[in-house]
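Take a look at the letters that make up each chain.
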Amino acid sequence: MLQSGPFIELFQLYTGAFIVIAAVFFLSGVVKGGMSFGQPLVTISILPLLVPADLVLAINAMILPFTNIYQFWLAGEMGKSLKRFWPLMLGLIIATPLAAWFAASIDGRLLLGLIGILVVVFILLTIFNPALHIRETVEKPWGFITGIVGGISGALSTAAGPVFLVYLLGLHADRQTLMSSNGLFMIVIGFTMWISYWQVGWINQPRILLAVLLLGFVSLGMWVGNRLAGLLSANGFRNLVLGVVLLLGCNMVYRAFG
């Protein structure tokens, strides 16, 4: 694994390691473009095996809002989503900084193991899609709880999307509401993680530059993914991605605790 340092890592990543990292972020963009989710899951399941996990978490946090702004705007209903789901966003804002502090205070190997566990759980949630029914009378309390869980899992892995999807599916949200609100949640948690990671020292100027460079690769990948979505079997592509990420998550757990 490469050694981490404020400026040393920037120069290291301009060599062969940067090519590998850029390729993984491009691949994550392809997945995001083809499936409308999964960008952080791909990077966080591969790159911590090559570079420090906090570096991957920091870059994901900086990229995450910008890959969801277009989705949020395209879906419309922005004002409606803000008004309806404020309890969930409040939970995110409360839990994310605390979980980021915890992540920064633990051993790197333990962090790798926790990320692996979360990746496996998220993939299983996505595959089995548990059927929940959240009544309108308890929508806001459950939203706050979901925000707390999403904030914790997001700060530890930057991949809280499946948590939000389970909640929205439990509300039987229509496709437009699902796209708009999920985009909003990812924007809020992205900026909240950005601030939280900055406070614990995981985000600095070299990493901001890296994030800007890698955002271009993610954007290109999203464009390719959108094109591939019309050519490939949606279910086949989805199952392939989920299967590979599940194996990578299991490998992370094994490396950390095996």
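First, a word on scope: everything that follows refers to the structure included in this document. What you see is a predicted model, and the numbers here were worked out from it, not measured in a lab.

Topic: helix 6 (residues 86-105)
Part 1: Across its 20 residues, helix 6 extends 30 Å between first and last C-alpha, which sits within 8% of the 28 Å expected from 1.5 Å per residue.
Part 2: Of all the bends found along helix 6, the most pronounced is centred on A95 and spans about 30°, while P97, a proline, follows it within four residues.
Part 3: Among the residues of helix 6, those classed as buried are P87, L88, M89, G91, L92, A95, T96, A99, A100 and A103.
Part 4: Next to the buried residues of helix 6 lie helix 5 (78-84), helix 7 (108-128), helix 8 (139-157), helix 9 (161-170) and helix 10 (175-199).

A closer look at the packing of aromatic side chains
Part 1: Using the criterion set out here, one finds 8 aromatic pairs in the structure.
Part 2: Ring geometry for F66 against W194: centres 6.3 Å apart, planes inclined by 70°, an arrangement best described as edge-to-face. Remark: W194 occurs in helix 10 and F66 occurs in helix 4 (residues 53-75); sequence separation between them is 128 residues.
Part 3: Note on W194: relative accessible area 21%, which makes it partly exposed.
Part 4: Between Y197 and W202, the ring centres sit 5.1 Å apart and the planes meet at 50°, which makes this aromatic pair tilted. Of the two residues, Y197 and W202, both sit in the buried class.
Part 5: The structure contains a cluster of three or more aromatic residues connected by ring pairs, namely F85, F164, Y167 and F185.

Remarks on the packing of helix 6 against helix 10
Part 1: In the contact formed by helix 6 and helix 10, the axes pass within 9 Å of each other and the chain directions differ by 30°. It follows that helix 6 is roughly parallel to helix 10 by the angle criterion. As helix 6 packs across helix 10, the resulting crossing turns out to be right-handed. Within the contact between the two elements, helix 6 uses L88, M89, L92, I93, T96, P97 and A100 and helix 10 uses L184, F185, V188, I189, T192, M193, S196 and Y197.
Part 2: Residue composition of the contact of helix 6 with helix 10, grouped by class: 12 nonpolar, 3 polar and no charged.

Some thoughts on the packing of helix 3 (residues 39-46) against helix 7
Part 1: Packing of helix 3 against helix 7 leaves a shortest axis separation of 10 Å and a crossing angle of 140°. Put simply, helix 3 runs oblique to helix 7. Viewed along their axes, helix 3 and helix 7 form a crossing whose handedness is left-handed. Along the contact surface, helix 3 presents L41, I44 and S45, while helix 7 presents I115, V119, F122 and I123.

A look at the pattern of salt bridges
Part 1: Counted by the stated rule, this structure contains 2 salt bridges.
Part 2: D54 is paired through a salt bridge with R207; the nearest N and O atoms lie 2.8 Å apart. Linking D54 in helix 4 with R207 in helix 11 (residues 205-229), this pair joins segments that are 153 residues apart in sequence.
Part 3: D54 gets classed as buried once you look at its relative accessible area, which sits at 18%.
Part 4: Between E139 and R84 there is a salt bridge, and its shortest N-O distance comes to 2.7 Å. Highlighted residues: E139 in helix 8 and R84 in helix 5, separated in sequence by 55 residues.
Part 5: The class of R84 is partly exposed, set by a relative accessible area of 26%.

A word on the environment of G170
Part 1: Relative to the assigned elements, G170 resides in helix 9.
Part 2: Between the C-alpha atoms of G170 and H133, which are 37 residues apart in sequence, the distance is 4.5 Å.

Remarks on a nonpolar patch on the surface
Part 1: Taken together, the side chains of W86, L90, I94, L98, W142, F144, I145 and V149 present a nonpolar region at the surface, about 760 Å² in accessible area.
Part 2: Among the secondary structure elements, those contributing two or more residues to the nonpolar patch are helix 6 and helix 8.
Part 3: Within the secondary structure, L90 is located in helix 6.
Part 4: With relative accessibility at 37%, the residue L90 sits in the partly exposed group.

What counts, and at which threshold
Residues numbered from 1 in each chain as written. Predicted model: local features only at pLDDT ≥ 70, side-chain atom pairs only at ≥ 80, totals over all residues. Heavy atoms only, no water. Helix = DSSP H or I, 4+ residues; strand = E, 2+ residues; numbered from the N terminus. Expected span 1.5 Å × (residues − 1). Bend = angle between axes of the 7 residues up to and from the residue. Buried < 20%, exposed > 50% of the residue type's maximum accessible area, 1.4 Å probe, protein only. Contact = heavy atoms within 4.5 Å. Phe/Tyr/Trp six-rings, centres within 6.5 Å; stacked < 30°, edge-to-face > 60°. Axes fitted to C-alpha atoms, helices over the stretch in contact; angles between N-to-C directions. Parallel < 35°, antiparallel > 145°, perpendicular 65-115°, else oblique. Left-handed = near helix turned anticlockwise from the far one by under 90°. Nonpolar A, V, L, I, M, F, W, Y, C, P; charged D, E, K, R; others polar. Salt bridge = Lys/Arg side-chain N within 4 Å of Asp/Glu carboxyl O. Patch = residues over 30% accessible without salt bridge, like charges linked within 9 Å, V, L, I, M, F, W, Y side chains within 5 Å. Areas by Shrake-Rupley, 256 points an atom, 1.4 Å probe, with all protein chains shown as cover.

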